Every structure is written in C-alpha cells, then in structure tokens.
Amino acid sequence: MEEATTRPVSGLTRAQACLTVVVAAAAMVATLPGRTFGIGLIESQMSAELGLNPIEVGHINLWATLLGASACFPIGKLLDMYGLRVVLFGTALCLGAATRSLASVDSPAALFVLVLLTRAFGQSAMSVVSIAIVGKSFDRRKSWPMAVYSVLMTIGFMTAFGTVGPAVRDFGWRYAWSGVGLAVFFLVPLAWLLPRAATQLPTADEEAAVGRGFTLRQALRTPAFWVFALATSLFGLVASGLTLFNVRVLAERGLTYEDYYETAKAAVPFGLLGQALCGLLARRLSYQYITTLGMVLYAVGIVCLSWVDTRGELLAASLLSGFAGGIITVVFFAVFPRLFGRRELGCIQGAAQLLTVVASAVGPLSFAFSVDSFGSYRPALNVLSVAVVLVGFAALVVPSPGLDGDSPTVV
C-alpha cells in the first residue's frame, strides 16, 4: 500500500517539484467535463438532440451536482490511505470513461446518470486529488507551489475552453466531448510520473519539522476550518450564479453579450495577477489577512456589477472581481495544508471541496430567486456582497489552530 503522507519540498529536486506542480494542474484542468462551464459548452446542442428544455436541464444539473458532491469524502479518505499515484490513476480512468460515455448518451435518464458520474469524478473527486497533489508534496509553509499551480491551472482552463468551444461549434458536441474524454485518459500515465519522493512516508525528522497535523474530526472542531471553507464556498456560490446568469444580469443594465465577452477576456490576466500576488503576499502575511483582502475586493466588484451602465464601468468591475477571484482561488488551494498539516489532508480538503460543490449548486438558485421575487438580480448581488465582506472580516479575527509539536491544538 502506498502511503499518502508525503515528503516536504526538501525531498524533491527542482525538476521533480516542477513536474509535480504540472501534473497537479493538468489534473485540475481535466475536471472540465464535470464543471458547469464545461457542460455549458455542449448544453445547447445536447438539449436540442435529446428534446430537453432549460428547466429539465437545470434539474438534472442541480441533482447531479448535489449527489456528485458526496464523492468528496471517500476520495479524501482514499488519498490518505493509498496515496497520490493510485487514486489519480483510478480517478482519471473513471472520469475519462464517464466523459466518453456521455458523448454517446441517447436518453434523459442516461444523461442524468452520466452527468452525475462526471460531476462526482470530475468536479468533486479529481478536484480533491489535484489540490492534494500539491498539498501533500510540499512543505505547508511553501507558498510558491500553490501560486504556480494556480497560474498553470488558469492557463490550462483557458486553453481547454478555447479548444473545446470551437470543436463543439465546428464538429458537433458528441465528437468534441469524445475528444475531451480521450484527453482525460492521458492523466493515467501521468499519474505514474509523480516523483516517488512525493509519495513516500516522511522521516521522523521531517515529520517533526512540519508537525503531525490534524485529523478530519479535529479540523472540523476548529472555527478556522469553517470560516475559510465558508469564505471559498461563498465565492464559489456567487461565481456559479454569475457564470450561469451573467448575460441576463448585464442585460438588466442595458449591456450586451459582446460587452460581457470582451470584458471577461480582459479580466483573465488580472485573475492571474491576483494569483501571483497571493503567492508573494503569503511569504510575509498570514492567509487571514490575504483572505480578508480578497473577499473585500470581491465584494466591491459584486456591488459595482449591480450598478454598471457602460462597458467601461463593466470592465473596471470585471477586472476587480477577476483580481480578487485569483487571490481567493489560491487561498482555497493553500490554506488548509498551512493550517492543518498533511496528516489527513485528503479528508480535510475533501470536506472543504464538498462545501464548495454544494455552494456551486445553490448559487444559480439564489440568483433565480432574486429575479423571480424582486424582478431584478440586484438584491442577490447586494445581499451576497454583504455576506462576502462579513465572512472576509471573520477570517481576519478567527484564531489560527496551532500546528507545532507532536499534538495539534484545537481551538
């Protein structure tokens, strides 16, 4: 049985460290077929072929997402028991098979099952595996691996999105999705490229240097876990709602799809800048201060979005939101190994991922409720911006759990 507890970065050469980060980023990009914006690439053509209306598709997506979130807990436990290579290998096989099968679906019932499987193995399981590869392979006090990982992940998603979208348009959704499934299978051999030094049991000296770490139960008893998990989940809730209804939100302000598309493209580099800045700030500041900064900036961006009237104002709001989103993304990847160590990091990361997946399912409903009840998306944006600020400041004052010595201190 391969041990999941891993050596800190001192056990890896520079080349091995770089390879580990690249494999982790590739694993996260492979979650595309299990994510809302990935499925959104094929939704229109797929729904037309299967005779589904938007409400039916919405229900399929909602329940598949919620049920798929249940994969977060067992995948975390498997990571802690069997290690990175074995779990990445198995998850990639399952996700690739589910994606290829979805390309051949011929009924709504089969569609639900296969969307559920891609959600479970992609958005839930593979996400946890990807984050754990970096969290378990490096010293928890090293901030650069997560920053580089986040940048590579963003570039990878941009490339995948820009490749799959035209393929769907030019060759049809079944051909494109079959190709996506085939691409996921490339992770199978990549799993065995993970350096052995990244998957071995740490020596006594190494273990003492980083602390024994928290169990899942101990982590769940700390306010820090819930505050940081809530912060990143709230960010995901807003992001998922805007992902689905962004065009409608902007149409309410008299803006067009072209305005949305152009400003969204411009915001991507600012997201990368936010990720890079977070990696630099983590060398000098705690993730408490960084999280507060990211959440406050994101809240300002949300409020601005509900009041914009011109493309220039939309661009400013989008750049601010993209920059803040880059910061919060790195926080989610890096804060849990920093706070709780690597003892049961797979389970802890799985619990946090479960909350974000549930939030991503609830997000669109909160926006739909706002427009149905008040005739506008503005109430949802304003209320959520207040919630984002409150959770951001909660991160500033929440006590950090101690992780020094052999026994964790639960606060």
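Bear in mind the structure is a predicted one, so any value in this text is a computation, not a measurement. (Residues numbered from 1 in each chain as written. Predicted model: local features only at pLDDT ≥ 70, side-chain atom pairs only at ≥ 80, totals over all residues. Heavy atoms only, no water.)

(A) Highlighting the packing of aromatic side chains. The tally for this structure, following the rule as stated, stands at 10 aromatic pairs. Centre to centre, the rings of Phe-225 and Phe-336 are 5.7 Å apart; their planes meet at 55°, and the pair counts as tilted. Of the two residues, Phe-225 sits in helix α13 (residues 223-252) while Phe-336 sits in helix α16 (residues 311-340), which places them 111 residues apart along the sequence. The burial state of Phe-225 is the same as that of Phe-336; both residues are buried. Consider the rings of Phe-367 and Tyr-377, whose centres lie 6.4 Å apart with planes at 40°: the pair is tilted. Of this pair, Phe-367 sits in helix α17 (residues 345-374) while Tyr-377 is found in the loop between α17 and α18 (378-397), placing the two residues 10 residues apart along the sequence. Side by side, Phe-367 and Tyr-377 carry an identical accessibility label, which is buried. Feature note: the residues Phe-214, Phe-225, Trp-226, Phe-332, Phe-336 and Phe-340 constitute an aromatic cluster, connected by ring pairs. (Phe/Tyr/Trp six-rings, centres within 6.5 Å; stacked < 30°, edge-to-face > 60°. Helix = DSSP H or I, 4+ residues; strand = E, 2+ residues; numbered from the N terminus. Buried < 20%, exposed > 50% of the residue type's maximum accessible area, 1.4 Å probe, protein only.)

(B) Looking closely at the nonpolar core. Counting 94 residues, the largest nonpolar core has Leu-88, Leu-111, Tyr-149, Phe-228, Phe-336 and Phe-340 as the members making the most contacts within it. Examining the composition of this core, we find that 12 residues originate from one element, helix α7 (residues 108-137), more than from any other. Those residues within four positions of Leu-111 in sequence are excluded, and the remaining contacts are Met-46, Leu-50, Leu-52, Ile-60, Leu-102 and Val-105. Within the second largest apolar cluster, 27 residues are counted, among which are Val-249, Leu-314, Ala-317 and Phe-367. (Core = buried A, V, L, I, M, F, W, Y, C linked by side-chain atoms within 4.5 Å. Contact = heavy atoms within 4.5 Å.)

(C) Representation of the pattern of salt bridges. This model, assessed by the stated rule, comprises four salt bridges. Ionic pairing is found between Arg-169 and Asp-170, a salt bridge with its closest N-O pair at 3.0 Å. Asp-170 sits in the partly exposed class, given a relative accessible area of 48%. Among the ionic pairs, Asp-309 bridges to Arg-253, the shortest N-O distance being 2.8 Å. Of the two residues, Asp-309 is situated in the loop between α15 (287-305) and α16 and Arg-253 in the loop between α13 and α14 (257-281); the sequence distance between them amounts to 56 residues. (Salt bridge = Lys/Arg side-chain N within 4 Å of Asp/Glu carboxyl O.)

(D) Quick peek at the packing of α16 against α17. The interhelical angle for the contact between α16 and α17, taken along N-to-C directions, is 140°, at an axis separation of 10 Å. Between α16 and α17, the interaxial angle falls into the category oblique. Here α16 and α17 pass one another in a crossing that is right-handed. For the pair α16 and α17, the contacting residues are Phe-332, Phe-333, Phe-336, Pro-337 and Phe-340 in the first and Leu-345, Ile-348, Gln-349, Ala-352, Gln-353 and Thr-356 in the second. The residue inventory of the contact of α16 with α17, partitioned by class, reads eight nonpolar, three polar and no charged. (Axes fitted to C-alpha atoms, helices over the stretch in contact; angles between N-to-C directions. Parallel < 35°, antiparallel > 145°, perpendicular 65-115°, else oblique. Left-handed = near helix turned anticlockwise from the far one by under 90°. Nonpolar A, V, L, I, M, F, W, Y, C, P; charged D, E, K, R; others polar.)

(E) Just the packing of helix α5 (residues 72-82) against helix α6 (residues 84-102), in detail. Between α5 and α6, the shortest axis-to-axis distance is 7 Å and the interhelical angle comes to 140°. Taken together, the axis directions place α5 and α6 in an arrangement best described as oblique. Contacts from Ile-75, Leu-78, Leu-79 and Tyr-82 of α5 reach α6 at Leu-84, Val-86, Val-87 and Thr-91. When the residues that make up the contact of α5 with α6 are grouped by side-chain class, the tally is seven nonpolar, one polar and no charged.

(F) Representation of the environment of Val-22 in the model. Checked against the element boundaries, Val-22 lands in helix α1 (residues 14-29). Counting along the chain gives 126 residues from Val-22 to Val-148, while the straight-line C-alpha distance between them is 9.0 Å.

(G) Broad picture of α1. For α1, spanning 16 residues, the distance from its first C-alpha to its last is 23 Å, which sits close to the expected 22 Å at 1.5 Å a residue. Regarding α1, the residues found buried are Ala-17, Thr-20, Val-21, Val-23, Ala-24, Ala-25, Ala-27, Met-28 and Val-29. Elements in contact with the buried residues of α1: α6, α7, α8 (144-171), α10 (187-191) and α16. (Expected span 1.5 Å × (residues − 1).)

(H) Structural context of a nonpolar patch on the surface. A contiguous nonpolar surface patch, about 420 Å² in accessible area, is contributed by Leu-78, Met-81, Tyr-82, Val-86 and Trp-192. Examining the composition of the nonpolar patch, we find that three residues originate from one element, α5, more than from any other. Tracing the sequence through the fold places Leu-78 in helix α5. For Leu-78, a relative accessible area of 34% translates into the label partly exposed. (Patch = residues over 30% accessible without salt bridge, like charges linked within 9 Å, V, L, I, M, F, W, Y side chains within 5 Å. Areas by Shrake-Rupley, 256 points an atom, 1.4 Å probe, with all protein chains shown as cover.)

(I) Local environment of the side chain of Gln-123. Within the element layout of this structure, Gln-123 appears in helix α7. Residue Gln-123 is classed as buried on the basis of its relative accessible area of 6%. A distance of 2.9 Å separates polar atoms of two side chains, one belonging to Gln-123 and the other to Arg-119. Among all residues touching Gln-123, those that are not within four sequence positions of it are Thr-31, Gly-34, Arg-35, Thr-65, Thr-118, Gln-353, Val-357 and Ser-360. (Polar contact = N/O pair within 3.5 Å; in protein donor to acceptor, adjacent residues only side chain to side chain.)

(J) The layout of surface pockets, seen in detail. When its volume is computed, the second largest pocket comes out at roughly 270 Å³. Along the walls of the second largest pocket sit 16 residues, with Val-29, Ala-30, Ala-160, Ala-183 and Val-184 positioned nearest its centre. Here the lining of the second largest pocket gets five residues from one element, more than from any other, and that element is α8. (1 Å grid on protein atoms, 1.4 Å probe; cavity = no way out; pocket = protein on both sides within 12 Å on 5 of 7 lines; lining within 4 Å. Points joined across faces, edges and corners; volume = space filled by probe spheres on them.)

(K) Main features of the environment of Ser-370. One can find Ser-370 in helix α17. Assessed through its relative accessible area of 3%, Ser-370 is described here as buried. Residues Ser-370 and Ala-380, 10 residues apart in the sequence, show an inter-C-alpha distance of 5.6 Å. When residues no more than four places from it in sequence are discounted, the contact partners of Ser-370 are Gly-375, Ser-376, Tyr-377, Pro-379 and Ala-380.

(L) Main features of α18. With 20 residues, α18 should cover 28 Å at 1.5 Å per step; its first-to-last C-alpha distance of 29 Å lies within 8% of that length. Regarding α18, the residues found buried are Ala-380, Leu-381, Leu-384, Ser-385, Val-388, Val-391, Gly-392 and Ala-395. In an axial view of α18, the angular spread of the buried residues amounts to 135°, which keeps them on one side of the axis. Across from the buried face of α18, at angles greater than 90 degrees, the exposed residues are Val-383, Leu-390 and Val-397. (Arc of directions from axis to C-beta.)

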